[in-house]
Amino acid sequence: NDTIHLSVKGVAEGWNVELSREMLNIPAKTFKDVDVTVTAPESAQQGDFLNITVYAQGNTGSDSIWLNTTIAPPEYGVKVEVKQKEVNASPGDTATFVFTVENNGDLYTTYNLFVTCVWDYTLERSSIALDPGEKQDVRVFVKVPENATNGTTRVVALTAESVEGGKQSTAQS
């Protein structure tokens with residue numbers, strides 16, 4: 001059994017490093033995990049980095065590990081999902097399809113919206129702007145032709161493409 005004391009060296013000004021535990025009691029032939037949380041300064045830019053060393057000192061020995069944290073470039077992302085896979089409507093009626101557009105990237109962005117459908121349709125809006133993690137529903141109204149026969153199916157797809165970054169996603173019903 002040993003008691004291990006942990007410490008960190010090499011923390012640059014403005015950066016913050018926290019250990020989930022600074023002292024561990026570890027039974028023989030076992031191990032315990034410690035989380036290391038690194039917080040960059042608000043002024044940090046893409047490519048900035050911090051190299052630190054975490055030291056472990058016990059009664060019977062010591063060890064260390066070198067960790068490097070780098071500010072990654074922000075990424076654009078989008079995810080489109082359909083609320084209901086199947087929508088039924090009679091000939092001459094309008095079917096409403098609801099899609100959810102989610103910004104799963106790191107940056108606020110605008111998405112252009114496109115519909116694929118062989119029948120006449122109306123898209124609720126042609127673009128949508130979302131913060132990271134934000135999602136909104138978008139409706140597509142499809143006019144079922146008067147001469148459509150019962151049981152006829154058509155695919156309706158919505159594609160969202162980010163204006164910046166060119167990321168896109170499509171869902172269909």
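Attention in this report is confined to the structure presented alongside it. Just so it is clear, the structure is predicted and the values come from calculations on it, not from any experiment.

1. Structural notes on the side chain of serine 173
1) Next: Residue position: serine 173 is located in the segment after β14 (168–172).
2) Next: Reaching out from serine 173, the side chain makes a polar contact with the backbone oxygen of glutamine 84 at a distance of 3.0 Å.
3) Next: In this structure, serine 173 is in contact with Val82, Gln84, Lys85, Glu86, Phe97, Arg154, Val155 and Val156, ignoring residues within four places of it in sequence.

2. What to know about the environment of lysine 83
1) Next: One can find lysine 83 in the loop between β7 (79–82) and β8 (94–102).
2) Next: A relative accessible area of 53% means that lysine 83 is categorised as exposed.
3) Next: Spatially, the C-alpha atom of lysine 83 lies 5.6 Å from that of valine 98, the residues being 15 residues apart in sequence.
4) Next: Residues within four places of lysine 83 in sequence aside, it is in contact with Val98, Thr100 and Asp137.
5) Next: A polar atom in the side chain of lysine 83 sits 3.4 Å from the side chain of aspartate 137.

3. Digging into the nonpolar core
1) Next: One finds Phe99, Val101, Val140, Val156 and Leu158 to be the most contacted residues of the largest nonpolar core, which totals 23 residues.
2) Next: Looking at this core, the elements with two or more residues in it are β7, β8, β9 (109–116), β11 (127–130), β12 (135–143) and β13 (157–162).
3) Next: Counting residues per element, this core draws most heavily on β8, at four residues.
4) Next: Those residues within four positions of leucine 158 in sequence are excluded, and the remaining contacts are Val80, Phe99, Val101, Leu113, Phe114, Val115, Leu123, Val138, Val140, Ser169, Thr170 and Ala171.

Rules used in this analysis
- Residue positions within a chain follow its written sequence, with the count starting from 1.
- Totals for whole chains, interfaces and linings use all residues, but because this is a predicted model, local features are given only for residues with pLDDT of at least 70 and pairs of side-chain atoms are given and counted only at 80 or more.
- Hydrogens and waters are ignored; side-chain quantities use all the structure's heavy atoms.
- Each helix corresponds to a stretch of at least 4 residues labelled H or I by DSSP, and each strand to a stretch of at least 2 residues labelled E; elements are numbered beginning at the N terminus.
- For the purposes of these results, a polar contact is taken to be a pair of N or O atoms within 3.5 Å, where, inside protein, one atom must be able to donate a hydrogen and its partner to accept one; residues adjacent in sequence count only when each atom of the pair is a side-chain atom.
- Only heavy atoms matter for contacts: two residues are in contact if any of them lie within 4.5 Å across the pair.
- Burial classes follow relative accessibility: with a 1.4 Å probe on protein chains only, a residue under 20% of its type's maximum area counts as buried, one over 50% as exposed, and anything between as partly exposed.
- As used here, the term nonpolar core means buried Ala, Val, Leu, Ile, Met, Phe, Trp, Tyr and Cys residues forming a set that is joined through side-chain atoms within 4.5 Å.

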